[in-house]
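Single-letter residue listing:
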Amino acid sequence: MGSGHTHTASSAPPRVRRILVLTVVPLFVATALAAVLLWPRGGSPQTDGGADVPRYPGTVTRVVTEPCPPTPSAPEGTPTAGGGRCGTVDVRVDDGPTAGRQVRTPVPDGPGAPRVDVGDEVILVELTDPTDPTVSNWNIAEHQRGTPMVWLAVVFAAAIVAFGRWRGLAALAGLAASFAILLTFVLPGIGAGRSPLLVAVVGAALIMFVVLYLTHGVTAQTSVAVLGTLGSLVLTGVLATIATAATHLTGFGSEDATTLSMFQGDVDLHGLLLAGIIIGSLGVLDDVTVTQAATVAELANANPGLTRLQLYRAATRVGRAHIASTVNTIVLAYAGASLPLLLLLTADSRPIGQLLTSEFLAQEIVRSAVATLGLIAAVPLTTGLAAVVTAAGRTAAPPSTDAPASRSQPDRAEALAALVALRTGHPDEPDQTRTPPPSSAPGGWPESGRSTDPAW
């Protein structure tokens, strides 16, 4: 795990390493100190979410369905008039104080209600009558999903390790670290009333330092990616602040935000919107910055004669292709997460201009646009840093030739002499009377317009 993104990456000169250390270490120390100052203390704040309803695992043993009787108060032709699902479900309680008991529940009905069958593992809730605590009713809340999710996680981890080997194992460790920072610092910090934007920037920087160095090793190439990611994150935060202020977004653009404000009214939803943009941009930013740093290193290894400007231009062409596909990825990712919202918009009779400028859709547009701008800025920033670091302290390369550096000039001359001998019909005896072809360059190498690839 100490290797860089590529096994051919050469180590940077001592002077360059010292400069990177003097740049990266203070930034890491500042991030760690900010995390300590912002770390939530005293536990998570208590929200007014009502009393917890007991939940117990159970297994369906019997299902009896029957037509629902018509509802007298419902208009004729509505789904509740004789529609829906009615009947009873017998469930064996598998855990808790009533383990082994058979309980009877109504067939789950209504929007989003689970469809159950014999043998399904479900979650039961016990509802007590507030007027008579001795009377309780059982209902099926949802299916148990623990076992299939565990198997999915096992397949996910096995595929990553099988393909990436040690690098894949390091990636899994980085993923675990990201979730740990989100669950122990970012979310509790925002819930404790800290500034969501400040907590998100510090948390994203902490994730970046841990994940990039853990996954790609402590190298100059990784340090370049870290600096490029951090600079792009700061720019993304600035752009997000300006864009949300210019569009007067409040953060109440989703039902989840409105529900959160009901249970925890002290949360800054506008800051939470900015925090979501920062956290959401980090995953794409580190992909781009690591790729650009690795591209510059590979180009320098393939042709040591390239100058900084040539390295920058060549790697930027790769970055343009990467950005062209990643921009579409960002938009589709947000669209996929907002499909119910987009379907709801298709049924809206308002003009398209009003829909696009409404709070809930404008929020997604601003989120996508700001993330894309930060992503575009990451390419020239990281590529320029990587070109400077890669070319710094490098010894002058020998004059470049069209052939690979590993082939010496005498080998080329011998190969051409062998070709000439074969052409004259005397492979064992060089033709002393034949003069070299007039098109031959000094050293026996043919003119540049003539290919000798078949000879190799």
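Above: the structure in question.
Residues numbered from 1 in each chain as written. Predicted model: local features only at pLDDT ≥ 70, side-chain atom pairs only at ≥ 80, totals over all residues. Heavy atoms only, no water.

It is worth spelling out the sheet that holds strand β4 (residues 121-129) at this point. Taking strand neighbours across the sheet as the criterion, the 5 strands line up as β3-β2-β1-β4-β5 in an open arrangement whose pairing is antiparallel. Either end of the sheet is taken by a strand with one partner, and the two such strands are β3 (102-106) and β5 (132-143). Each strand of the sheet is rotated relative to its neighbour by a mean of 45°, with strand direction disregarded. Sheet analysis places strand β2 (residues 86-93) next to β3, joined by 5 bridges and oriented antiparallel. Bridge assignment links V89 to a residue of β3, and that residue is T105. (Pairing = 2+ DSSP bridges. Helix = DSSP H or I, 4+ residues; strand = E, 2+ residues; numbered from the N terminus. Axes fitted to C-alpha atoms, helices over the stretch in contact; angles between N-to-C directions.)

We now examine helix α1 (residues 14-38). Over its 25 residues, α1 extends 36 Å from the first C-alpha to the last, a length consistent with the 36 Å expected when each residue adds 1.5 Å. Taken residue by residue, α1 has V16, L20, V24, T31, A35 and L38 as its buried positions. (Expected span 1.5 Å × (residues − 1). Buried < 20%, exposed > 50% of the residue type's maximum accessible area, 1.4 Å probe, protein only.)

Before going further, it helps to examine a nonpolar patch on the surface. Taken together, the side chains of V21, V25, F28, V29 and L33 present a nonpolar region at the surface, about 420 Å² in accessible area. Within the secondary structure, V29 is located in helix α1. (Patch = residues over 30% accessible without salt bridge, like charges linked within 9 Å, V, L, I, M, F, W, Y side chains within 5 Å. Areas by Shrake-Rupley, 256 points an atom, 1.4 Å probe, with all protein chains shown as cover. Salt bridge = Lys/Arg side-chain N within 4 Å of Asp/Glu carboxyl O.)

What follows covers the nonpolar core. Judged by nonpolar contacts, the single largest core of 55 residues is most densely connected at F185 and M208. Every element with two or more residues in this core is listed here: α1, α2 (146-191), α3 (196-216), α4 (220-246), α6 (269-302), α7 (308-337) and α10 (359-391). Of the residues forming this core, the biggest block, 12 residues, is contributed by α3. If sequence neighbours within four positions are ignored, F185 has contacts with A35, L38, W39, P40, A180, V199, V202 and G203. Counting residues in hydrophobic clusters, the runner-up holds 12 residues, among them V60, V103, V122 and W138. (Core = buried A, V, L, I, M, F, W, Y, C linked by side-chain atoms within 4.5 Å. Contact = heavy atoms within 4.5 Å.)

Time to look at unusual backbone geometry. Located in the positive-phi region is R165, a residue other than glycine, with phi close to 55°. Position of R165 relative to the elements: it lies in helix α2.

Let's shift gears to the side chain of T229. Assignment of secondary structure puts T229 in helix α4. What makes T229 buried here is its relative accessible area of 0%. When sequence neighbours within four positions are dropped, the list of residues in contact with T229 reads M208, L212, L282, L285, D286 and T289.

Next up on the list: the pattern of salt bridges. Applying the stated rule across the entire model yields 6 salt bridges. Among the ionic pairs, D90 bridges to R62, the shortest N-O distance being 3.6 Å. In this pair, D90 is assigned in strand β2 and R62 in strand β1 (residues 55-66), connecting sequence segments 28 residues apart. Exposure remark for R62: the relative accessible area of 42% places this residue in the partly exposed category. A salt bridge links R92 to D94; its shortest N-O distance comes to 3.3 Å. Under the relative-accessibility criterion, R92 is labelled partly exposed at 33%. You can call D94 partly exposed: its relative accessible area is 34%. Overlapping salt bridges, with partners in common, bring together R55, E142 and R145 in one network.

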